[in-house]
Amino acid sequence: MGDFNSDIDNTLLCLHDGRLAVIPTEAGLMLSADATNDLAVHALLNASANNPQPVILIADQRDLLQFVSAPDLAVFDFIEELNPASATWFNGILGISEQLLDANRAAPIALVNDTFNNTLIKRFRKPLVVIPVDNGALNAKAGFVCSTHTSSIANGYSLYNFAPSAF
């Protein structure tokens, strides 16, 4: 296993340069990019032949308020009930590459629960976007591959829609 701080630093260098990095998440190993960098997002989306749904990772509820226009605050209670490898669809997303948004300016967002990604995103000061990758192609697509600092509890993110009337 690599050094936690060294992996954070190397991943940050890679992301700041607009390159892709493989990071451990609770949903498994993911290929990641700066969600605000159009060129990096383009490279990420072209890195997979099977077009998986990209998920935006943010560090905490304050970040959600920064990147989602007028969210229903009941969504925070909804998110608390989900398992950690879950993402919720949000409309009215701001400051994220347009390539990640559908016609309603919507995309799935996950609040990270693990120490590695929380530290990484807080130090990067921007959201990440991730897609699952197959292990055979990791090194060819990524500028850096982290060690496993997070126990994966799922194989990919479960996606949910928040319905305020149901909560």
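Described in the following lines is the structure provided in the data block.

On to the pairing of strand β3 (residues 55-58). Of the two faces of β3, the one carrying V55 and L57 and the one carrying I56 and I58 are both buried. Two elements, β3 and strand β6 (residues 128-132), share three bridges in a ladder whose sense is antiparallel. Directly across from I56, in β6, lies its bridge partner V129.

Before going further, it helps to examine empty space enclosed by the protein. The tally for this structure, following the rule as stated, stands at one cavity of 30 Å³ or more. In terms of residue class, the lining of the largest cavity is made up of six nonpolar, one polar and two charged.

Now for helix α2 (residues 38-45). Turning to α2, its buried residues are A40, V41 and L44. Around the axis of α2, the buried residues are gathered within 100° of arc, so they sit on the same side. As for α2, its buried residues are in contact with β2 (28-34) and β6.

Note on pairing: side chains with opposite charge can pair once their charged atoms come close. For the structure shown, the criterion picks out six salt bridges. Its salt-bridge partner being R62, residue D60 comes within 3.2 Å of it at the nearest N-O pair. The class of D60 is buried, set by a relative accessible area of 15%. Between K122 and D60 there is a salt bridge, with the nearest N and O atoms lying 2.7 Å from each other. In this pair, K122 sits in helix α5 (residues 115-124) while D60 sits in the loop between β3 and α3 (61-67), placing the two residues 62 residues apart along the sequence. When its relative accessible area of 38% is taken as the criterion, K122 is described as partly exposed. Here the salt bridges share partners, and the residues they tie into one network are D60, R62 and K122.

Here is what the cut-offs are and how they apply
- Going along each chain's sequence as written, the residues are numbered from 1 onward.
- Local features in this predicted model are restricted to residues of pLDDT 70 or higher, and side-chain atom pairs are both shown and tallied only at a pLDDT of 80 or more, whereas totals for entire chains, interfaces and linings draw on every residue.
- Computation of side-chain values: all heavy atoms of the structure, hydrogens and water removed.
- Throughout this description, buried means an accessible area under 20% of the type-specific maximum (1.4 Å probe, protein chains only), exposed means over 50%, and partly exposed covers the range between.
- Elements are defined by DSSP. Helices are runs of H or I of four residues or more, strands are runs of E of two residues or more, and each kind is numbered from the N terminus.
- For two strands to be treated as a pair, DSSP must find at least two bridges joining them.
- As defined here, a cavity is a set of points on a 1 Å grid over the protein atoms alone where a 1.4 Å probe fits but cannot get out. A pocket is an open set with protein on both sides within 12 Å along at least five of seven lines, and residues line them when an atom is within 4 Å of a point.
- Grid points are joined across faces, edges and corners, and a volume is the space filled by probe spheres set on the points.
- Residues are grouped as follows: Ala, Val, Leu, Ile, Met, Phe, Trp, Tyr, Cys and Pro are nonpolar; Asp, Glu, Lys and Arg are charged; all remaining types, including Gly, are polar.
- Think of the arc as the fan of directions from the helix axis to the C-beta atoms.
- Residues are treated as being in contact if the distance between any of their heavy atoms lies within 4.5 Å.
- Any carboxyl oxygen of Asp or Glu within 4 Å of a side-chain nitrogen of Lys or Arg constitutes a salt bridge here.

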